[in-house]
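Okay, here's what each chain looks like letter by letter:
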Amino acid sequence: MRDNDDGLRDLYQEVIFDHNRKPRNFHAMDDASHRADGHNPLCGDQLTVYAKVSDGIVQDVSFIGHGCAISTASASLMTEAVRGQPVEQVEALFRDIHAMLTEAHPDCDLGKLEVLSGVREFPSRVKCATLAWHTLHNAITRAGDTAVTE
């Protein structure tokens, strides 16, 4: 069983490293309907999340900024997970991710986002993993330009 846990941990780390090295949807979006800035003063992570929301659906989402591997990978994974989803589902996912990282694992399958669950073992890194999610939440719940500090 221990070998299986190590293999799973290695797989999770590889996904994090891959999304950090080659972040998906890493670009500014000129025609975004929603935008928010996020900053984690504890480690210096800064990002801007852009979303194009139409008819209650997150049609497109992207981010720019700089941060640690966990912050960048979390933002990259987030953009893949929420594109094309209804805002209500994105908000439910935000709550589930936050619960997974700060409380207990929610009773649902988070798919590829499960790779972030290992961050819970490192409390000082939880803010790194949740920054993009809080920033997206603020972007889509407040129309226009907003700022958030996590």
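Scope of this entry: the structure provided in the associated data block. All figures in this text were calculated on a predicted structure; none of them were measured in a lab.

### Section: the overall build of the protein
In step 1: If you tally the helices and strands in the protein, you get four helices and four strands.
In step 2: Scanning the protein from its N terminus toward the C terminus, one meets helices and strands in the order α-β-β-β-α-α-α-β.
In step 3: The buried share of the protein, taken over its 150 residues, is 43%.
In step 4: Partitioning the intrachain contacts of the protein with sequence separation of at least 6 by distance along the chain shows that 59% fall at a separation of at least 24.
In step 5: Summed over its atoms, the accessible surface of the protein is roughly 7,600 Å², and 51% of this surface lies on carbon and sulfur atoms.

### Some points on the side chain of threonine 79
In step 1: Tracing the backbone through its elements, the reader meets threonine 79 in helix H2 (residues 69–82).
In step 2: Look at threonine 79 and you get buried, because its relative accessible area is 0%.
In step 3: Residues in contact with threonine 79, not counting those within four places in the same chain, are Arg24, Asn25, Val61, Ser62 and Phe63.

### Points about the packing of aromatic side chains
In step 1: Per the stated rule, a full pass over the model turns up one aromatic pair.
In step 2: Look at phenylalanine 26 and phenylalanine 63: their rings are 5.1 Å apart centre to centre, the planes differ by 80°, and that puts the pair in the edge-to-face class. Of this pair, phenylalanine 26 sits in the loop between helix H1 (2–21) and strand E1 (34–40) while phenylalanine 63 sits in strand E3 (residues 57–66), placing them 37 residues apart in sequence.
In step 3: For phenylalanine 63, a relative accessible area of 3% gives the class buried.

### Observations regarding the pattern of salt bridges
In step 1: Throughout the structure, instances matching the rule amount to eight salt bridges.
In step 2: Note that arginine 21 and glutamate 14 form a salt bridge whose closest N and O atoms lie 3.0 Å from each other.
In step 3: The class for arginine 21 is exposed, based on a relative accessible area of 53%.
In step 4: The structure contains a network of salt bridges with shared partners spanning Asp18, Lys22, Arg24, Glu80 and Lys112.

### Describing the environment of glycine 111
In step 1: On the secondary structure map, glycine 111 appears in the loop between helix H3 (87–102) and helix H4 (126–141).
In step 2: On the basis of relative accessibility, which here comes to 38%, the residue glycine 111 falls in the partly exposed class.
In step 3: For the pair glycine 111 and alanine 81, spaced 30 residues apart in the sequence, the C-alpha separation amounts to 9.1 Å.

### What about the packing of H2 against H4?
In step 1: At their nearest, the axes of H2 and H4 sit 7 Å apart, and the two run at 40° to each other. Between H2 and H4, the crossing angle belongs to the class labelled oblique. Here H2 and H4 pass one another in a crossing that is right-handed. Each of Ile70, Ser71, Ser74, Ala75, Met78 and Val82 in H2 lies in contact with H4, whose residues at this interface are Cys128, Ala129, Leu131, Ala132, Trp133 and Leu136.

### Considerations on the nonpolar core
In step 1: One finds Val82, Ile97, Leu101, Leu116, Trp133 and Leu136 to be the most contacted residues of the largest nonpolar core, which totals 35 residues.
In step 2: Secondary structure elements with two or more residues in this core: H1, strand E2 (45–54), E3, H2, H3 and H4.
In step 3: The element that contributes the greatest number of residues to this core is H4, accounting for eight residues.
In step 4: Other than its neighbours up to four places away in sequence, valine 82 contacts Val58, Val61, Val90, Leu93, Trp133 and Leu136.

The rules behind each value
Residues numbered from 1 in each chain as written. Predicted model: local features only at pLDDT ≥ 70, side-chain atom pairs only at ≥ 80, totals over all residues. Heavy atoms only, no water. Helix = DSSP H or I, 4+ residues; strand = E, 2+ residues; numbered from the N terminus. Buried < 20%, exposed > 50% of the residue type's maximum accessible area, 1.4 Å probe, protein only. Contact = heavy atoms within 4.5 Å. Areas by Shrake-Rupley, 256 points an atom, 1.4 Å probe, with all protein chains shown as cover. Phe/Tyr/Trp six-rings, centres within 6.5 Å; stacked < 30°, edge-to-face > 60°. Salt bridge = Lys/Arg side-chain N within 4 Å of Asp/Glu carboxyl O. Axes fitted to C-alpha atoms, helices over the stretch in contact; angles between N-to-C directions. Parallel < 35°, antiparallel > 145°, perpendicular 65-115°, else oblique. Left-handed = near helix turned anticlockwise from the far one by under 90°. Core = buried A, V, L, I, M, F, W, Y, C linked by side-chain atoms within 4.5 Å.

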